[in-house]
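Summary of structural features
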Amino acid sequence: MATIFSKIIEREIPSYKIAEDDRHYAFLDINPAAKGHTLCIPKKEIDYLFDMDADDLAELTRFSQKVAHAIDKTLQPIRTGVIVEGMLVPHAHIHLIPIFKESQDFSLGKKVELGDTEMLNLARRISKNVEL
Ligand code: AMP
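Residues numbered from 1 in each chain as written. Predicted model: local features only at pLDDT ≥ 70, side-chain atom pairs only at ≥ 80, totals over all residues. Heavy atoms only, no water.

1. A look at the overall build of the protein chain
Along its length, the protein chain carries three helices and five strands. If you list the helices and strands of the protein chain from N to C, you get α-β-β-β-α-β-β-α. Computed over the C-alpha atoms, the radius of gyration of the protein chain is 14 Å, within 12% of the 14 Å expected from 2.2 N^0.38 for a compact globule of 132 residues. Projected onto the principal axes, the alpha-carbon positions of the protein chain cover approximately 35 × 30 × 30 Å. When the 132 residues of the protein chain are sorted by exposure, 43% land in the buried category. When contacts within the protein chain are restricted to residue pairs at least 6 apart in sequence, long-range pairs at least 24 apart make up 59% of them. Total accessible area computed for the protein chain in this model is approximately 7,600 Å², and 50% of it derives from carbon and sulfur atoms. Across the protein chain, the 17 positively charged side chains and the 21 negatively charged ones have centroids separated by 7 Å. (Helix = DSSP H or I, 4+ residues; strand = E, 2+ residues; numbered from the N terminus. Rg over C-alpha atoms; globule rule 2.2 N^0.38 Å. Buried < 20%, exposed > 50% of the residue type's maximum accessible area, 1.4 Å probe, protein only. Contact = heavy atoms within 4.5 Å. Areas by Shrake-Rupley, 256 points an atom, 1.4 Å probe, with all protein chains shown as cover. Lys, Arg positive; Asp, Glu negative; His and termini not counted. Charge placed at Lys NZ, Arg CZ, Asp CG, Glu CD.)

2. Thoughts on the site of the ligand
Around the ligand, a shell composed of 15 residues is seen, among which D29, E85, L88, H93 and H95 lie nearest. In this structure, M87 approaches the ligand through a main-chain N or O atom, which is 3.3 Å from an oxygen atom. Here an oxygen atom of the ligand and a side-chain polar atom of H95 are 2.8 Å apart. Protein chains shield 91% of the accessible area of the ligand, which is 500 Å² for the free molecule. Taken together, the elements giving at least two residues each to the shell around the ligand come down to α1 (4–9) and β2 (24–28). (Near = heavy atom within 4 Å. Polar contact = N/O pair within 3.5 Å; in protein donor to acceptor, adjacent residues only side chain to side chain.)

3. Side note on the packing of aromatic side chains
Each pair of aromatic rings is reported with the distance of its centres and the angle of its planes. Under the criterion given, the structure shown has three aromatic pairs. Ring centres of Y48 and F50 lie 5.9 Å apart, and the angle between their planes is 90°; on these two criteria the pair is classed as edge-to-face. Given the relative accessible area of 54%, F50 is considered exposed. In textbook terms, an aromatic cluster arises when at least three aromatic residues are bridged by ring pairs, as seen for F5, Y25 and F27. (Phe/Tyr/Trp six-rings, centres within 6.5 Å; stacked < 30°, edge-to-face > 60°.)

4. Some remarks on the pattern of salt bridges
Here the structure, examined in full by the defined rule, presents seven salt bridges. Ionic pairing is found between R11 and E20, a salt bridge with its closest N-O pair at 2.8 Å. Residue R11 is classed as partly exposed on the basis of its relative accessible area of 46%. Salt-bridge contacts for K43 lead to E20; the nearest nitrogen and oxygen are separated by 2.8 Å. Placement of K43 in the loop between β3 (38–42) and α2 (54–75) and of E20 in strand β1 (residues 17–20) is noted, with a sequence separation of 23 residues between them. For E20, a relative accessible area of 24% translates into the label partly exposed. When salt bridges that share partners are traced, they join R23, K44, D56, E59 and R62 into one network. (Salt bridge = Lys/Arg side-chain N within 4 Å of Asp/Glu carboxyl O.)

Below, the structure written as structure tokens:
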């Protein structure tokens, strides 16, 4: 059965899209740990990030770097942090989480409340700055 993230790629489920190329997709996390929290995924379904073919993992990392640069340019955090967990969705993904202050609770347990309008606005602003 297709993962929820594959359904997002196929537009069966809506997402706040940030960027896409032929092998990757990036979109805002719907339960963000910080404003601009983004997920980067390979289109090819695989559960565990570190089971990926090494070249595919390198490509996903390159794609994620470009998305992180767009987040940095748009939101100007101190930096954008990375979490890889994968305990909820069995489709490899990299969490990009902007860090706005040193005391920020940097974990997936911490959530911020953002409405639909703000999520749409964030996705629009960040996506404009993605240079693939
Ligand atoms: P994990 O598998 O623990 O790395 O976490 C999966 C992440 O996917 C969580 O942060 C969820 O909020 C996020 N997530 C689940 N469903 C969606 C969705 N439909 N759109 C955006 N993010 C999602």
